[in-house]
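# Descriptive structure summary
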Amino acid sequence: QVQLVESGGGLVQAGGSLRLSCTLFGRTLGSVDMGWFRRAPGKEREFVAAISWSGLRTSYADSVKGRCTISRDTAKNTLYLQMISLRPVDPAVYYCARTTGGYRDYLTTFASGYDYWGQGTQVSVSS
């Protein structure tokens, strides 16, 4: 019943910007914390950002702090990740995920705290 669909990935030059989107089906964004993760080829899945169920609190990985903004549009039931100043180390498949009820308002950085994942959207950076 719960599905997440990401979009917005693509190829950009270093220093460019992208906005990733994730539409949640079967559950409202206001009911659970949401997060973004990424996985580069040959690397482990990495936490990127999270937003609380209320939208009032956010958390970011040190690697993207100051370059990413997580937000949501409850009317569209969509989660966003605005990325600026993209670097060659940022290319990866980016996934949005929904936390389990036990992590509500905790902004967990652990993948084990999320129970539903999207299929991912590819972000590529030239140079």
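Preceding block: the structure.
Residues numbered from 1 in each chain as written. Predicted model: local features only at pLDDT ≥ 70, side-chain atom pairs only at ≥ 80, totals over all residues. Heavy atoms only, no water.

What follows covers the environment of Ser 52. Looking at the element boundaries, Ser 52 is found in the loop between β5 (46–51) and β6 (58–60). A relative accessible area of 1% places Ser 52 in the buried class. Taking the C-alpha atoms as reference, Ser 52 lies 19 Å from Glu 6; in sequence the two are 46 residues apart. Beyond its immediate stretch of four places on either side in the chain, Ser 52 contacts Val 32, Asp 33, Arg 57, Arg 72, Asp 105 and Leu 107. (Helix = DSSP H or I, 4+ residues; strand = E, 2+ residues; numbered from the N terminus. Buried < 20%, exposed > 50% of the residue type's maximum accessible area, 1.4 Å probe, protein only. Contact = heavy atoms within 4.5 Å.)

Below, the discussion takes up the sheet that holds strand β7 (residues 68–73). Ordered by their spatial adjacency, four strands build an open sheet running β1-β3-β8-β7, and the pairing between neighbours is antiparallel. The open sheet terminates on both sides in strands that have one partner only, identified here as β1 (3–7) and β7. The average angle at which neighbouring strand axes cross in this sheet is 20°, direction not considered. In the sheet, strand β3 (residues 18–25) pairs with strand β8 (residues 78–83) via six bridges, with the strands oriented antiparallel. In the sheet register, Ser 21 faces β8, and the bridge partner there is Tyr 80. (Pairing = 2+ DSSP bridges. Axes fitted to C-alpha atoms, helices over the stretch in contact; angles between N-to-C directions.)

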